[in-house]
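Residue-level listing of the chains:
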Amino acid sequence: MPTVVNIGGSVIAPSSGDERFEEYAEALSSVDGELYVVVGGGGAARDYIGIARRLGANEAVCDEIGIDVTRLNARLLISALNGSAYPEPPSGYEDAKAAMALGRIVVMGGVAPGQSTDAVSAVLAEYVDADRLVFATSVPGIFREDPRVDDSAEFVDEITPSELVELVMKIELKAGSKSPVDPLAAKIIERSRLSARVVGGDEPGNVLEAIRGGAAGGTLIAR
Ligand code: UTP
């Protein structure tokens, strides 16, 4: 029963400080069964990408820099997991699956330019035939608008993958708005037979509940 969990960079590394890494390590190490964790880059990735852009780097190079930061965050979580994790972030899906043979938690970051770790998590879930895909985000689930931009945004308890694709595209087209699951990840969820849950990641216990199949107050994406 493989499970893939995506932890947004701004969730696991909200500012300087290591508490979130420790809290997540404690929660994740109590999970039974095959667990893959994909970690985002958060504010540090945005800062490094911003500097690279100002220095004249092209977008593909900026993406590679973003990937490096996601891998650094993955390494921090691996350190916090203290022996319960495979010691290196795998650099691709095949390596991630092979790493699982050791029976430890596999933690990785990004893999290729032109996407985010949301898409990495969705492809990884397809690749390892995961039963469960959980997105731990900085908002409690999916809203019809971006709640960080629109106070009256309506919360969605359950949504089909094709409705999700439509909703995410609509949110991303509005200036300044961002969906908790990006369009490419939504398309991958739609083409696969995956069901997924989007939950607030500020409480690692909440994410643990979602990993175990609970609702965790989030949004269920299912046919
Ligand atoms: P994130 O997945 O953290 O992107 O990867 P994000 O959308 O900024 O995440 P949030 O806002 O914290 O949820 C950070 C950056 O790394 C590059 C991209 O440039 C991305 O914006 N990246 C990541 C890739 O190019 N490929 C990958 O596979 C992963």
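Residues numbered from 1 in each chain as written. Predicted model: local features only at pLDDT ≥ 70, side-chain atom pairs only at ≥ 80, totals over all residues. Heavy atoms only, no water.

### Comments concerning the packing of aromatic side chains
The description of two aromatic rings rests on the distance between their centres and on the angle between their planes.
Thinking step 1. Going through the model one piece at a time under the given rule, you end up with 2 aromatic pairs.
Thinking step 2. Between F143 and F155 the ring centres are 5.1 Å apart and the planes differ by 80°, which places this aromatic pair in the edge-to-face class. Here F143 is found in strand β5 (residues 142-143), whereas its partner F155 is found in strand β6 (residues 155-156), with 12 residues between them in sequence.
Thinking step 3. Relative accessible area serves as the criterion here: at 12%, F143 is assigned to the buried category. (Phe/Tyr/Trp six-rings, centres within 6.5 Å; stacked < 30°, edge-to-face > 60°. Helix = DSSP H or I, 4+ residues; strand = E, 2+ residues; numbered from the N terminus. Buried < 20%, exposed > 50% of the residue type's maximum accessible area, 1.4 Å probe, protein only.)

### A short note on the sheet that holds strand β8 (residues 196-200)
Thinking step 1. On the basis of which strands lie adjacent, the open sheet formed by 7 strands has the order β3-β2-β1-β4-β8-β9-β7 and mixed pairing. At either margin of the open sheet sits one strand with a lone partner, and together these are β3 (106-108) and β7 (158-159).
Thinking step 2. In the sheet, strand β1 (residues 3-7) pairs with strand β4 (residues 132-137) via 5 bridges, with the strands oriented parallel. Bridged to I7 within β4 is A136. (Pairing = 2+ DSSP bridges.)

### Overview of unusual backbone geometry
Thinking step 1. Positive phi outside glycine occurs at N82, with the angle close to 45°.
Thinking step 2. Mapped onto the elements, N82 comes out in the loop between α4 (59-81) and α5 (93-99).
Thinking step 3. On the accessibility criterion, N82 (66% relative accessible area) is exposed.
Thinking step 4. Positive phi outside glycine occurs at A216, with the angle close to 55°.
Thinking step 5. Judged by its relative accessible area of 9%, A216 falls in the buried class.

### Overview of the environment of V165
Thinking step 1. Considering the arrangement of structural elements, one finds V165 in helix α7 (residues 161-173).
Thinking step 2. For V165 and L184, which are 19 residues apart along the polypeptide, the C-alpha to C-alpha distance reads 8.6 Å.
Thinking step 3. Setting aside residues no more than four positions away along its own chain, V165 makes contact with A186, K187 and E190. (Contact = heavy atoms within 4.5 Å.)

### As for the pattern of salt bridges
Thinking step 1. What the rule picks out here adds up to 8 salt bridges.
Thinking step 2. Salt-bridge contacts for E154 lead to R144; the nearest nitrogen and oxygen are separated by 3.8 Å. Highlighted residues: E154 in the loop between β5 and β6 and R144 in the loop between β5 and β6, separated in sequence by 10 residues.
Thinking step 3. The class for E154 is partly exposed, based on a relative accessible area of 46%.
Thinking step 4. A relative accessible area of 32% means that R144 is categorised as partly exposed.
Thinking step 5. Across the salt bridge formed by D146 and R148, the nearest N and O atoms sit 3.2 Å from each other.
Thinking step 6. You can call D146 buried: its relative accessible area is 3%.
Thinking step 7. Judged by relative accessible area, R148 falls into the partly exposed class, the value being 48%. (Salt bridge = Lys/Arg side-chain N within 4 Å of Asp/Glu carboxyl O.)

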